Amino acid sequence: MAARVEQLLDANAEPGAELWRARDFARVVAGQRSSGIATGFADLDAALFERGWPRAGLMELLSDAAGLGELRLLTPALVMLSATENRWIAWVDPPFVPYAPALEAAGIDLGKLLLIRPEGEREAVWALEQALKTGACSAALGWLPEAGLDFSTLRRLAIAARQGGAWATLFRPAHAARRASGAELRLRLSPLPPLPPLPSERLHVEIVKRPGGWPLAGIEVGFAEPSDAAMLAREEPTPAQAACGGASE
Amino acid sequence: MKTLWLAAHFPMLGFEVHRCAAAPDDARKAAVLIEANRVVQANLLAQEVGIEVGMTLATAQSIATGIDHFVRDEAAEHKRLALLGLVGYRFSSQVSIAPPAGLLIEASGSLRLFNNLPAFAEQLAVRLRQQGHETRIAAADTPLAALLLARSGLDGLPGDVQTALRRVPLANADFSPRTLERLENMGFRSFEALLRLPAAELAQRFEPAVVECLARLTGRKPDPRAFIKPPEKFRSAVHLLESVSEKDALLFPMRRLATELARWLAARSFGTELLIWEFQTLRGASARQVVRFADPTRNSAAFLALSKLRLERAELPQEVMSIVLRADLTTPFTPPDTDLFARRNGSSASCAELVDQLIARLGTEAVRVLAICDDHRPERAWTSMPPGGNARRSERVSSAVANRRPLWLLDAPKPVAVAQFELLAGPERIETGWWDGGKCRDYFVAVSAAGAQCWLFCSRQGAGDERWFLHGYFG
């Protein structure tokens with residue numbers, strides 16, 4: 001019996017065969033149309049349905065500490081959206097000030113960013129939902145109070161995102177992973193110790209929930225040498241500035 | 001193009017300003033208009049009993065006891081004329097007020113719309129009479145001729161004007177009493193004789209005003225008129241029969257006002273960026289709610305939707321009795337360019353709409369866009385402003401930006417113990433403004449115990465006195 005199964009599997013090993021093994025998710029997804037927003041990280045793209053962030057849907061980033069790299073994870077996609085779409089990128093109640101010089105250095109068009117500071121959880125949910133469903137935002141990032149996020153609210157936000165064709169991202173604490181959510185994609189972020197000798201920055205991404213697959217741990221996202229990334233985003237860095245940027249690291 | 005003027009004359013304007021709200025029966029009573037205690041105008045019934053212009057009020061009252069008398073109110077007449085001018089504005093964009101009781105409308109521009117002149121004049125007369133004024137209308141090629149014909153109650157139509165003009169009594173022209181007396185003494189009763197005289201001879205014998213008048217009358221000399229401009233402010237009110245305390249119940253009268261405003265704006269090709277609602281109670285307390293739009297708008301549904309959002313978080317007085325809507329900031333409206341095949345999402349209109357909705361509910365301060373400032377100090381290198389302003393594009397790539405900056409900046413630097421961090425890179429020295437009393441700071445990139453990349457700085461107060469602050473996360 002086992003031998004026959006092996007035989008069958010061997011016969012269908014090549015891509016495009018009618019039989020596929022669930023563990024080859026990446027290979028299967030590769031055959032799908034890649035309609036997602038490219039994350040800018042090849043390993044992550046391979047693990048995601050539609051090979052990128054959902055273009056119209058809700059996702060969650062779960063992490064306990066601020067500043068682990070959650071913004072840099074999204075930056076490549078935000079750069080792409082701000083360059084190609086003439087819609088807002090809404091930031092609903094971020095915990096700190098999104099720092100304009102750094103955002104611009106990363107290549108994000110500041111004119112497309114809309115900073116919304118609602119008072120209270122009800123207003124915050126309303127503002128995010130409004131931003132999503134009007135279709136006036138290509139992306140919306142929300143830091144909503146956990147108390148306001150029950151299942152029906154999350155479901156409503158997911159529907160609003162789909163309706164307005166917006167990529168919605170909610171930032172939530174790690175323990176929220178235990179609660180059910182209407183988000184189609186949920187990622188847990190945790191830090192990885194820097195690799196000596198180079199203080200390169202890495203982030204461990206664990207997929208808690210994804211469409212077309214099951215939870216998956218162990219994706220490692222490495223951020224490019226920051227000064228290089230900043231240089232790449234600019235059009236024509238002069239050698240002097242490149243040298244200056246490199247020296248500071 | 002040949003001009004064609006319609007003049008409307010309101011012979012009873014002096015009476016009508018006093019009794020606009022009174023019963024129509026009043027017109028059937030003898031009445032006089034007095035100025036400085038002398039009769040300046042008498043209505044038909046008063047004239048029938050023998051009251052003449054120039055009599056004192058006492059004489060008039062002795063002739064007809066119980067006669068109504070009104071003191072002439074020139075300011076009110078002028079105000080009413082201005083209102084009637086707006087009625088005339090429906091018919092032509094060139095409307096001029098001709099005090100004391102006339103209105104001039106240039107008709108050639110909109111003649112085709114009304115098919116012919118009699119139909120035009122008829123519709124104009126109907127509109128003006130609806131306002132409660134006795135109206136006489138005449139047409140002529142020059143404004144002055146039309147006005148004099150209307151004053152004389154003559155029905156001059158173009159072509160026939162010269163004949164009609166000859167029957168216009170001289171008393172109807174705006175000559176000074178002295179000139180009028182002289183003309184009368186010389187035997188001139190109407191314009192007929194006067195028009196036949198050679199102008200040079202006339203100029204020798206009379207004041208320039210007479211020749212001037214004749215030249216304008218016949219069109220030999222241009223007669224420029226100041227045209228009215230409709231007011232660019234809107235104000236309308238609804239007074240409720242019963243007091244209303246519930247916000248939802250207010251929406252119905254508000255919808256009426258919003259529709260009225262939308263029509264008012266559409267008639268003028270205007271849009272507004274600012275609505276002001278006033279909710280007044282019987283006791284005089286009132287609450288104001290301001291609704292702003294990013295772009296000039298003239299859509300009543302948009303007015304109402306945003307106003308509703310605004311109301312939801314507003315404190316209104318109990319027992320609202322009247323609602324006033326004002327639109328002060330009106331600007332010429334250009335309809336948005338719409339593309340037949342445009343995508344449903346992402347039109348600039350929906351982007352502006354979103355901003356309007358957010359501002360209406362959350363307030364102006366809650367919705368911002370980011371911009372860069374030219375300042376080397378990290379906390380001053382950015383700013384936020386309301387959306388819609390011209391964000392200054394910063395093209396420079398200064399060395400400060402070329403260095404690494406965190407994506408998150410803390411509102412205020414947070415004091416920390418440096419022992420909990422592992423320093424990775426630095427220092428980068430940034431001088432703070434000595435004029436603000438700041439000290440220079442040495443910035444470091446560090447990793448916190450939780451694994452987040454942080455932006456720390458060390459501020460030296462003096463020798464050996466180092467203080468560490470957390471200023472941002474690289475996010």
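Residues numbered from 1 in each chain as written. Chains lettered and ligands numbered in written order. Predicted model: local features only at pLDDT ≥ 70, side-chain atom pairs only at ≥ 80, totals over all residues. Heavy atoms only, no water.

Peer 1: Could you give an account of the pattern of salt bridges, with specific residues and numbers?
Peer 2: Scanning the model with the defined rule gives 24 salt bridges over all chains in all. In this structure, A:E60 engages A:R172 in a salt bridge whose closest nitrogen and oxygen atoms are separated by 2.9 Å. You can see A:E60 sitting in strand β1 (residues 57–62) and its partner A:R172 sitting in strand β6 (residues 167–172), a full 112 residues away along the chain. We note a salt bridge from B:R361 to B:E312, for which the minimum N-O separation is 3.4 Å. Linking B:R361 in helix α14 (residues 348–362) with B:E312 in helix α13 (residues 300–312), this pair joins segments that are 49 residues apart in sequence. The partly exposed category is assigned to B:E312, whose relative accessible area is 45%. Salt bridges linked by common partners bring A:E60, A:E146, A:R172, A:R179 and A:R186 together as one network. (Salt bridge = Lys/Arg side-chain N within 4 Å of Asp/Glu carboxyl O. Helix = DSSP H or I, 4+ residues; strand = E, 2+ residues; numbered from the N terminus. Buried < 20%, exposed > 50% of the residue type's maximum accessible area, 1.4 Å probe, protein only.)

Peer 1: Lay out the sheet that holds strand β2 (residues 31–35) of chain B in plain terms, naming residues and giving numbers.
Peer 2: Residue and element names in this part refer to chain B. Spatially, three strands are ordered β3-β2-β4 in an open sheet, and the strand pairing comes out mixed. Only two strands of the sheet have a single partner each, and these edge strands are β3 (38–42) and β4 (68–71). Each neighbouring strand pair of the sheet contributes to a mean axis angle of 35°, computed without reference to strand direction. Note that β2 and β4 share four bridges and pair parallel. If you follow L33 over to β4, its bridge partner there is F70. (Pairing = 2+ DSSP bridges. Axes fitted to C-alpha atoms, helices over the stretch in contact; angles between N-to-C directions.)

Peer 1: Please provide a residue-by-residue account of the sheet that holds strand β2 (residues 88–92) of chain A, values included.
Peer 2: Ordered by their spatial adjacency, 10 strands build an open sheet running β9(A)-β8(A)-β7(A)-β1(A)-β6(A)-β5(A)-β2(A)-β4(A)-β13(B)-β14(B), and the pairing between neighbours is mixed. The open sheet has two edge strands with one neighbour each: β9 (216–222) of chain A together with β14 (382–385) of chain B. Mean inter-strand twist for the sheet, computed between neighbouring axes without regard to direction, equals 25°. Against the sheet, helix α4 (residues 70–84) of chain A touches β1, β2, β5 (137–142), β6, β7 (185–191), β8 (202–209) and β9 of chain A, its axis set at about 165° to β6(A). Of the strands in this sheet, β1 and β6 of chain A are in contact with helix α7 (residues 151–164) of chain A, which crosses β1(A) at around 130°. (Contact = heavy atoms within 4.5 Å.)

Peer 1: Account for the pairing of β7(A), naming residues and giving values.
Peer 2: Residue and element names in this part refer to chain A. Summarising the sheet, β1 and β7 pair through four bridges and their orientation is parallel. Considered in β7, the bridge of L61 is made with L187. Sheet topology note: the β7/β8 ladder contains six bridges and is antiparallel. Each residue of the ladder has a partner; that of P191, found in β8, is L203.

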